[in-house]
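# Examination of the molecular architecture
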Amino acid sequence: MIALLIRDLRLAVRAGGGFGLGLAFFLLVAVIVPLGVGPEPAVLARIAPGILWVGALLACLLSLDRIFALDFEDGSLDLLATSPMPLEGVVAVKALAHWLVTGLPLVLAAPVLAVLLNLPGAGFLWLVASLALGTPALSVIGAFGAALTVGVKRGGLLMSLLVLPLYMPTLIFGAEVVKRGAAGMAVATPLALLAGITAGAVALLPFASAAAIRVNLR
Amino acid sequence: MEMWVKDLSVARAGIPVLEAVSFRLLPGQALVLRGPNGIGKTTLLRTLAGLQPALAGEVVVGAESVAYAAHADGVKAVLTVAENLAFWAAAYGTDAVAGALAAMNLEALADRRAANLSAGQKRRLGLARLLVTGRPIWVMDEPTISLDQASVMLFAGVVARHLAAGGSALIATHIDLGLEAEVLDLTPFKARAPQAGGRIGAFDEAFG
Amino acid sequence: MSIWEYANPKRFMQTSSLLLPWVTAAAVLCLVIGLVWGAFFTPEADKFGSTVKIIYLHVPAAMMAISAWMMMLVTSLIWLIRRHHVSALSAKAAAPIGLTFTLIGLVTGAIWGQPMWGTWWAWDPRLTSFLILALFYLGYIALWEAVEDRDTAADLTSVLCIVGSVFAFLSRYAVLFWNQGLHQGASLSIDKEEHVADVYSSPLYVCIAGFVLLFVTLVLLRTRTEIRARRLSALLARERLA
């Protein structure tokens, strides 16, 4: 299992486009939005929590098809499925690798971009906390979408259509945490709900994803 | 460790392709599958590897005893040869990378990225993976594609040693590997049309 | 005799061809009676004026939008557990109908919302949930279309339906949390005092019955079509084999 994690991380680092692209996209969103809505600090401060969460979500979405598609194309997925590792574990580890390569950099970069968007000072801590709690769910749910569409040629758009509705609860609670945190309100409830969704998704979705991959390999 | 296939019928995309295939593969034995393109060799091998369910029949085989080598090698281009093998060795919980590199004559290439290998070298790497699995029954789909004459002989030697050590091999190939192997021609097992008494899926059955 | 015998495609075709005319007639009867009664023979409400009459389309459509998804969830589970093809095909058949009901609910709601709330659209929890439901339907239908092998598609969409149900449910509560809204509470309920007066609710019940029957009619029709299409491809495959 650890060998698989190391392999996936190595692949992401060496193939390029792993760490870099998602992060660059996130940066672009943070730059483009002020250009679109205007530079008034008050407006930016109000929309910053939502923009940062939507940006992180889209950056995550961009790299999802790499989770299984490359392994499917070169036959590795067949070999992984016939290896002694349980496929559920393979899915979970691959989602973890995706989070380390995509989600974690987003969490770390978010405070910097929050400065660009004029997020109120009280919100920074909650931005990092909510992204750290929520992005693992994005990776696991995304892995499920990628598993469903792994056999579909040019399935990227279809995958977005399947995954985005599944992202909505995470997005709502995540952005709500930051919004409330920035306004100095209590954040315990949305934070707990966000954590609950992540915990549930991490615990259960790998089974659904593994089932989908088995069906797709048949 | 033996593999016993009883009355196996397999389907591709829901359509039966082979029916009532039976054979027994004993330790030390190699079995070569022959048959024209499209007869269902790959489908049969994928079924035996556990990637797809059988339509009917039974495969009796020890748990965790089959290693499957598909058409595609599953070689990662950005990893080195040694890293590729080390991953599979770790996945199967063995420690046989050095031996596998030596056996497939890959030692000189160990630190080269797989992207810089020729097609034949990549194939050798893919086959070396079988050695690090430590599994007794090798199920191989056209293993000699893109191998040159010398590499084919090298590979045949590896298989022969595997058999001598009590392993067994099921090989779909058209090339004579020079092994003492039984040949199973799949042509007689081609699925018949339902009018001719062939098996039909449960869904069609309902329409009588 | 077991209920599963009806899951046999041949048996299903026989039974459904007997049932269809009756169900269709009942659906037409209920819809005509309910809609005419509701539109022309109910008094105008104090608060709402004549706009209230759109509830005879809006409420049943919205109810059936959710019920259709529930039915797909049940038939998907039956397919995954018992591998009855009719079950999977009926889920496939129901999806576009459910999507249509969802859209009818949204559009009639917008038409009603304009005079009532002064806006065609508000990010109200109910409206938002329905929009999300429409997206779930879209994704489900798109997955059916994208996967070539039909049994594979049936398996994948079933898994999506189950996971999607959980997330649709979560979205419903997430959206409630996110915005408290303009939409009035349920129009009909057993235990609440505040539901609409009998003069309005009686034709509404007839309309709901009509929509249920309409849904059954359409699902039966579309499932029959799917079975025929499926049989056609089985015959073509058989021909290639011969």
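Keep in mind it's a predicted model, so treat the numbers as computed, not measured.

### Notes on the overall build of chain B
When its secondary structure is counted, chain B shows six helices and eight strands. Taken from N to C terminus, the helices and strands of chain B fall in the order β-β-β-α-β-β-α-α-α-β-α-β-β-α. Relative to its length of 208 residues, chain B is compact, with a C-alpha radius of gyration of 18 Å against a globular reference of 17 Å. Its C-alpha atoms put chain B at 60 × 35 × 30 Å along the principal axes. Within the span of chain B, comprising 208 residues, buried residues form 43% of the whole. Expressed as a percentage of contacts within chain B between residues at least 6 apart in sequence, the contacts between residues at least 24 apart total 74%.

### Looking at the sheet that holds strand β5 (residues 66-69) of chain B
All names here are of chain B. Strands sit in the order β5-β6-β7-β3-β8 across an open sheet of five strands; the sheet is parallel. The open sheet is flanked by β5 and β8 (182-185), the only strands paired with a single partner. Put simply, the sheet's adjacent strands are angled 15 degrees from each other on average, direction ignored. In this sheet, strand β7 (residues 168-172) lies alongside strand β6 (residues 137-141) in parallel orientation, the contact comprising five bridges.

### A look at the confidence of the model for chain C
Residues and elements named next belong to chain C. On average, chain C scores 87 in pLDDT, and the residues at 70 or more come to 90%. Helix α6 (residues 198-241) is the least confidently modelled element of chain C, averaging 88 in pLDDT, while helix α2 (residues 55-82) averages 93, the highest of any element. Counted against residues more than four places away or in other chains, residues 190-194, with its pLDDT under 50, gives zero contacts. What the predictor reports for the complex is a pTM of 0.92 with an ipTM of 0.91.

### Examining the pairing of strand β1 (residues 3-12) of chain B
Residues and elements named next belong to chain B. Pairing analysis gives seven bridges linking β1 to strand β2 (residues 15-25), with the strands arranged antiparallel. By the bridge assignment for β2, Trp4 is matched with Arg24. As consecutive antiparallel partners, β1 and β2 are separated by two residues, and within that stretch Ala13 has a phi angle of approximately 50 degrees, a positive value. In terms of strand pairing, β1 meets strand β4 (residues 56-61) through five bridges, oriented antiparallel. Within the sheet, the bridge partner assigned to Lys6 lies in β4 and is Glu58.

### Some thoughts on the nonpolar core
Grouped together as the largest cluster of nonpolar side chains are 211 residues, with contacts concentrated most on Leu52(A), Ala128(B) and Val139(B). Looking at this core, the element that brings in the most residues is helix α6 (residues 87-116) of chain A, giving 15 residues. The contact partners of Val139(B), leaving out residues within four places of it in the chain, are Leu45(B), Leu48(B), Ala49(B), Val66(B), Ala67(B), Tyr68(B) and Leu170(B).

### A short note on the interface of chain A and chain C
Accessible area lost upon the coming together of the parts serves often as the stated size of an interface. The partner chain C presents 21 residues to the 22 residues of chain A that form the contact. Residue assignment for the side of chain A that touches chain C shows that the elements contributing at least two residues are α7 (123-148), α8 (156-182) and α9 (188-217) of chain A. With 10 residues, α8(A) is the largest single contributor of residues to the side of chain A that touches chain C. In terms of residue class, the side of chain A that touches chain C is made up of 17 nonpolar, three polar and two charged.

### Let's talk about the packing of α2(C) against helix α5 (residues 150-178) of chain C
Residues and elements named next belong to chain C. Two elements in contact, α2 and α5, have axes separated by 9 Å at closest approach and are oriented at 130 degrees. Between α2 and α5, the interaxial angle falls into the category oblique. Crossing of α2 against α5: the hand is left-handed. Across from Met72, Leu73, Ser76, Trp79 and Leu80 in α2, the residues of α5 making contact are Ala154, Ser158, Cys161, Ile162 and Ser165. The residue inventory of the contact of α2 with α5, partitioned by class, reads seven nonpolar, three polar and no charged.

### Quick notes on the environment of Gly120(B)
All names here are of chain B. Among the secondary structure elements, Gly120 is positioned in helix α4 (residues 119-133). Through-space distance from the C-alpha of Gly120 to that of Ser151 is 8.1 Å; in sequence the pair is 31 residues apart. Apart from residues no more than four positions distant in its own chain, Gly120 is found in contact with Ser146, Leu147, Asp148 and Ser151.

### Digging into unusual backbone geometry
Residue and element names in this part refer to chain B. Even without being glycine, Asn105 reaches a positive phi, approximately 55 degrees. With respect to the element layout, Asn105 can be found in the loop between α3 (97-103) and α4. For Asn105, a count of 16 C-beta atoms within 10 Å translates into the label partly exposed. Of note, the phi angle at Ser146 is positive, near 65 degrees, even though the residue is not glycine. Tracing the chain through its elements places Ser146 in the loop between β6 and α5 (149-164).

### Considerations on the environment of Ala195(A)
Within the element layout of this structure, Ala195(A) appears in helix α9. Linking Ala195(A) and Ala132(A), residues 63 residues apart in sequence, is a C-alpha distance of 9.7 Å.

### Observations regarding the packing of helix α3 (residues 41-62) of chain A against α8(A)
All names here are of chain A. Running from amino to carboxyl end, α3 crosses α8 at an angle of 150 degrees, the nearest separation of the two axes being 9 Å. It follows from the interaxial angle that α3 and α8 lie roughly antiparallel. In the crossing of α3 with α8, the sense of the turn from one axis to the other is right-handed. Taken together, the residues of α8 that come into contact with α3 (itself represented by Pro49, Gly50, Leu52, Trp53, Leu57 and Leu61) are Ser160, Val163, Tyr167, Leu171, Gly174, Ala175, Val178, Lys179 and Ala182. Counted by class, the contact of α3 with α8 contains 11 nonpolar, three polar and one charged residues.

### Topic: helix α1 (residues 41-48) of chain B
In an α-helix, one full turn covers 3.6 residues, which means residues spaced three or four apart are oriented alike. All names here are of chain B. For α1, the buried fraction is high: six of the eight residues fall into the buried class. Along α1, the residues classified as buried are Lys41, Leu44, Leu45, Arg46, Thr47 and Leu48. Following α1 by one or two positions, Gly50 adopts a phi angle in the positive range, close to 90 degrees.

### Some words on the sheet that holds β1(B)
Residue and element names in this part refer to chain B. Across the sheet, which stays open at both edges, the three strands sit in the order β2-β1-β4 with antiparallel pairing between neighbours. Looking at strand neighbours, the two that pair on one side only are β2 and β4, the edges of this open sheet. Direction aside, neighbouring strands of the sheet carry axes that sit 25 degrees apart on average. Against the sheet, α1 touches β1, β2 and β4, its axis set at about 125 degrees to β1.

Reading the values: rules and limits
Residues numbered from 1 in each chain as written. Chains lettered and ligands numbered in written order. Predicted model: local features only at pLDDT ≥ 70, side-chain atom pairs only at ≥ 80, totals over all residues. Helix = DSSP H or I, 4+ residues; strand = E, 2+ residues; numbered from the N terminus. Rg over C-alpha atoms; globule rule 2.2 N^0.38 Å. Buried ≥ 20, exposed ≤ 12 C-beta atoms within 10 Å, placed from the backbone. Contact = placed C-beta atoms within 7 Å. Pairing = 2+ DSSP bridges. Axes fitted to C-alpha atoms, helices over the stretch in contact; angles between N-to-C directions. pLDDT = per-residue confidence, 0-100. Core = buried A, V, L, I, M, F, W, Y, C linked by C-beta atoms within 7 Å. Nonpolar A, V, L, I, M, F, W, Y, C, P; charged D, E, K, R; others polar. Parallel < 35°, antiparallel > 145°, perpendicular 65-115°, else oblique. Left-handed = near helix turned anticlockwise from the far one by under 90°.

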